Amino acid sequence: MATLTPPGFRPATLGAPGAVPIPGQAAALPPARPTLVWLASYPKSGNTWLRLFLANYLLDRTEPYPINQVHKMTFGDMLAEPYVKLAGKPAGALDAATIHRLKPRVHRLLSTQGPDLILIKTHSALFVEDGIPSITVPATRATVYLVRNPFDVADSVAHHYGLSLDDAVSSLCSPGSELHGDGLRTLGQKIGAWGSHATRWADARPLKPLVLRYEDMLRAPFDAFSAVIRHLGVTHDAARIQRAVGFASFEEARSQEDRFEFLERSLQAEKFFRVGRVGKGFESLDEGQRRRLIEANREAMRRFGYLDADDRPVL
């Protein structure tokens, strides 16, 4: 089973979108509200970029939003706190089956914690286990799913988690891939292989997914982020979008990271905002590594435009 949690990994610092107390195990939960917006992606596919854009846009910023406060705008669904409160046990005592059984209650609870739009960052795979789905439909308002060329994902995953390129490629090809929590603040999460992750989210019509390619976000950011705003059903303001795009740019985020350590950088990585361009992974991987990614994820790579009909990579 492939994991993306090398020794010394420091989990992202994420926070809940509100200060509403979480009831204990015996407390009755309010009905679910369709408020959760899942910001979903395989790791290292542009999720932080999307969150920075939304922070700048939704708050109508007149100067760039601080990268180290982006956790205040989203809830990370690997956070242990709601599971601990509902189970009445510490995070280290919660096994995977217990965590999964609690998901509908946690999602139901989160859906009541703020206004009509609550942003939830997730890398979770979509699956159903013991009749329980990993993502709860009645609590969902919409989904934005980010997909990125697996060559570039593998290169970025290797850097972020301190893995070899071979191990990073293996993680993108393995149905058993998962993120491990720290047993205190964060919990583990199944992510699976890159191809199944992308296709299941893209096909999950009850979750109302908008699928965005990282490459299109880079090449036409105004169009891509305009689509996000329309999909979420919030006020569309072209000037505001253009300003938020600039405030969330790679250059701005990298400039902030140069001045202030980014809390979501793992201890294994020199930088979180490292390259941010298309094709870096293709250059870094050797032919065998590229072939392994293609063989394990061929159909999804074709579907999302990363392979042509003859299996030639498209960058």
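Note: the structure precedes this text.
Every chain's residues receive numbers from 1 upward, in the order its sequence appears when written. Per-residue local features of the predicted model are confined to residues with pLDDT of at least 70, and side-chain atom pairs are confined, for both listing and counting, to 80 or more; whole-chain, interface and lining totals are unaffected and use all residues. Note that the side-chain values use all heavy atoms of the structure and ignore hydrogens as well as water.

Novice: Explain the pairing of strand E6 (residues 140-147) to me, using residue names and the numbers behind them.
Specialist: The buried label applies to any residue whose accessible area, calculated with a 1.4 Å probe on protein chains only, is under 20% of its type's maximum; exposed applies above 50%, and partly exposed to all values in between. Runs of E in the DSSP output that reach at least two residues are strands. Runs of H or I that reach at least four are helices, and both are numbered from the N terminus. With 7 of 8 residues buried, E6 is to be regarded as a mostly interior element. A strand pair is defined by DSSP finding two or more bridges across the two strands. As judged from the 6 bridges shared by strand E1 (residues 36-41) and E6, these two strands associate in the parallel manner. Across the sheet, leucine 36 pairs through a bridge with threonine 140, a residue of E6. Sheet topology places E6 next to strand E9 (residues 209-213); 5 bridges connect them, and they run parallel. Looking at E9, one finds that valine 144 is bridged to leucine 210.

Novice: For empty space enclosed by the protein, give the residues involved together with the corresponding values.
Specialist: Site definitions follow a grid-based scheme: protein atoms alone, a 1 Å grid, a 1.4 Å probe that fits but cannot get out for cavities, and for pockets an open set with protein on both sides within 12 Å along at least five of seven lines, plus lining residues having an atom within 4 Å of a point. Grid points are joined across faces, edges and corners, and a volume is the space filled by probe spheres set on the points. Following the criterion strictly, the structure yields 2 cavities of 30 Å³ or more and no others. Of the pockets and cavities examined, the second largest cavity occupies roughly 30 Å³. What lines the second largest cavity is simply Asp77, Met78, Tyr83, Ile99, Lys103, Leu187, Gly188 and Gln189. Each residue is assigned to one of three groups, with Ala, Val, Leu, Ile, Met, Phe, Trp, Tyr, Cys and Pro labelled nonpolar, Asp, Glu, Lys and Arg labelled charged, and all others, Gly among them, labelled polar. Of the residues in the lining of the second largest cavity, the class split is 4 nonpolar, 2 polar and 2 charged.

Novice: Help me get a handle on the layout of surface pockets, residues and values and all.
Specialist: Taken as a whole, the largest pocket spans an internal volume of roughly 390 Å³. Considering the residues around the largest pocket, the lining is formed by 19 residues, among which Ala96, Ile99, Leu187, Gly188 and Gln189 are closest to the centre. Going through the elements one at a time, helix H3 (96-110), strand E7 (178-179) and strand E8 (189-190) are the ones with two or more residues in the lining of the largest pocket. Residues belonging to the lining of the largest pocket are distributed by class as follows: 7 nonpolar, 8 polar and 4 charged. Estimates place the volume of the second largest pocket at around 200 Å³. Residue lining of the second largest pocket: 14 residues in total, with Pro175, Gly176, Lys190, Gly192 and Arg200 positioned closest to the centre. Here the lining of the second largest pocket gets 3 residues from one element, more than from any other, and that element is helix H6 (residues 194-202). Looking at the lining of the second largest pocket residue by residue, the classes come out as 6 nonpolar, 5 polar and 3 charged.

Novice: Before we move on, can you summarise the pattern of salt bridges with the specific residues and values?
Specialist: When a carboxyl oxygen of Asp or Glu is within 4 Å of a side-chain nitrogen of Lys or Arg, the pair counts as a salt bridge. Counted under the stated rule, the structure contains 16 salt bridges. For the salt bridge of glutamate 81 with lysine 85, the shortest nitrogen-to-oxygen distance reads 3.8 Å. Of this pair, glutamate 81 and lysine 85 both sit in helix H2 (residues 81-87), 4 residues apart, which is roughly one turn of the helix. For glutamate 81, a relative accessible area of 44% corresponds to the partly exposed category. For lysine 85, a relative accessible area of 37% puts it in the partly exposed group. With a closest N to O distance of 3.6 Å, glutamate 299 and arginine 302 form a salt bridge. Taken together, the positions of glutamate 299 and arginine 302, both in helix H12 (residues 287-303) and 3 residues apart, correspond to about one turn of that helix. In this structure glutamate 299 comes out as exposed when scored by relative accessible area, which is 55%. Beyond isolated ion pairs, a larger network of salt bridges with shared partners links Arg298, Glu299, Arg302 and Asp311.

Novice: Break down the packing of aromatic side chains for me, with residues and values.
Specialist: Any aromatic ring pair is given by two values, namely how distant the centres are and how the planes are angled relative to each other. By convention, a stacked pair of Phe, Tyr or Trp rings (six-membered ring in the case of Trp) has centres within 6.5 Å and planes under 30 degrees apart, an edge-to-face pair has planes over 60 apart, and any other such pair is tilted. Scanning all chains against the criterion turns up 7 aromatic pairs. Arranged with centres 5.9 Å apart and planes meeting at 20°, the rings of phenylalanine 53 and tyrosine 57 form a pair that is stacked. Here tyrosine 57 and phenylalanine 53 lie together in helix H1 (residues 47-58), a separation of 4 residues that amounts to about one turn. Taking the relative accessible area as the measure of exposure, phenylalanine 53 reaches 0% and is therefore buried. The exposure class assigned to tyrosine 57 is buried, which follows from its relative accessible area of 1%. Each residue in the set Trp49, Phe53, Tyr57, Tyr214 and Phe225 is aromatic and connected to the rest through ring pairs, giving one cluster. In this scheme, Lys NZ or Arg CZ marks a charge over a ring once it lies within 6 Å of the ring centre and within 35 degrees of the ring normal. The residue whose ring lies beneath arginine 240 is tyrosine 57, and the NZ or CZ to ring-centre distance is 4.3 Å.

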